[in-house]
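# Overview (structure and organization)
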Amino acid sequence: MHANFKDLPDDARVWIYQANRPFTTDELNELKPQMDNFLQQWTAHGKDLKAGVEYPYNRFIVIGLDQTLAGATGCSIDASVRFIQSVEKAFRIDLMDKMNVTFKNGQYVAHKELSDFKKMAKAKSVSPNTIVFNNLVTNVGEYREHWEVPAHESWHSRFF
């Protein structure tokens, strides 16, 4: 069952997939109905899952799941991963590589391999105050409050 992401409660579970490049407008226009269809049909042991999605900065797919009606199971999570993998293939985009860092560089959103981000921190090209995207948040409340944070407030702090 598809829900409006903004209406999900703070304790709703969240999965964040960061792309190695921005989605184009045409790609988003193609992706959004596919995602809506997937969420409309997403179930766990025959129970509808109430989920919403948003696409911040055209660079992320953020799926939220209100678990008050039904929670995610191994099979339902596998189904969502298969869907994300099909998006990767269809749009030739990387969404599953967790060894990358996405951060704000002025008004732009930058994406670097973790090793490159470490080098940038050492060279002071990024600072503890650089806004990073903490994709380790686990629920919608954390996403709303602690997803875009200065590097010193996230796991990225170990590089400074």
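First, a word on scope: everything that follows refers to the structure included in this document. All values reported here derive from a predicted model rather than from experimental measurement. (Residues numbered from 1 in each chain as written. Predicted model: local features only at pLDDT ≥ 70, side-chain atom pairs only at ≥ 80, totals over all residues. Heavy atoms only, no water.)

Here helix 2 (residues 74-91) is 18 residues long and its end C-alpha atoms lie 26 Å apart, about the 26 Å a rise of 1.5 Å per residue gives. In this structure, the buried residues of helix 2 make contact with strand 1 (13-18), helix 1 (25-41), strand 2 (43-44) and strand 5 (60-66). The first or second residue beyond helix 2 is R92, which carries a positive phi of 50°. (Helix = DSSP H or I, 4+ residues; strand = E, 2+ residues; numbered from the N terminus. Expected span 1.5 Å × (residues − 1). Contact = heavy atoms within 4.5 Å.)

This part covers the sheet that holds strand 5. Spatial ordering of the open sheet is given by 1-5-4, a layout of three strands whose pairing is antiparallel. The two strands at the open ends of the sheet, each matched to only one other strand, are strand 1 and strand 4 (50-54). Between one strand axis and the next, the sheet turns by 15° as a mean value, whatever way the strands run. Taken together, the six bridges between strand 1 and strand 5 define a ladder with antiparallel strand orientation. Across the sheet, R13 pairs through a bridge with L65, a residue of strand 5. Contacts between helix 1 and the sheet are confined to strand 4 and strand 5, with strand 4 contributing the most and set at about 165° to the helix. Its contacts with the sheet place helix 2 against strand 1 and strand 5, and it is angled at close to 20° to strand 1. (Pairing = 2+ DSSP bridges. Axes fitted to C-alpha atoms, helices over the stretch in contact; angles between N-to-C directions.)

The next point concerns the pairing of strand 5. Most of strand 5 is tucked away, with seven of its seven residues classed as buried. Taking every second residue as pointing to the same face, both faces of strand 5 are buried, with F60, V62, G64 and D66 on one and I61, I63 and L65 on the other. Sheet topology note: the strand 4/strand 5 ladder contains five bridges and is antiparallel. Bridge pairing in strand 5 links G52 to G64. Where strand 4 folds back onto strand 5 in an antiparallel hairpin, the turn is made up of five residues, including Y57, whose phi is positive at roughly 60°. (Buried < 20%, exposed > 50% of the residue type's maximum accessible area, 1.4 Å probe, protein only.)

All right, on to the packing of helix 1 against helix 2 then. Closest axis-to-axis distance for the helix 1/helix 2 pair is 12 Å, and the angle between their directions is 160°. The angle between helix 1 and helix 2 falls in the class roughly antiparallel. Both helix 1 and helix 2 take part in a crossing whose hand is right-handed. Contacts between helix 1 and helix 2 involve E27, E30, L31, Q34, M35 and F38 from the first element and A79, S80, F83, I84, V87 and F91 from the second. When its residues are assigned to classes, the contact of helix 1 with helix 2 shows eight nonpolar, two polar and two charged. (Parallel < 35°, antiparallel > 145°, perpendicular 65-115°, else oblique. Left-handed = near helix turned anticlockwise from the far one by under 90°. Nonpolar A, V, L, I, M, F, W, Y, C, P; charged D, E, K, R; others polar.)

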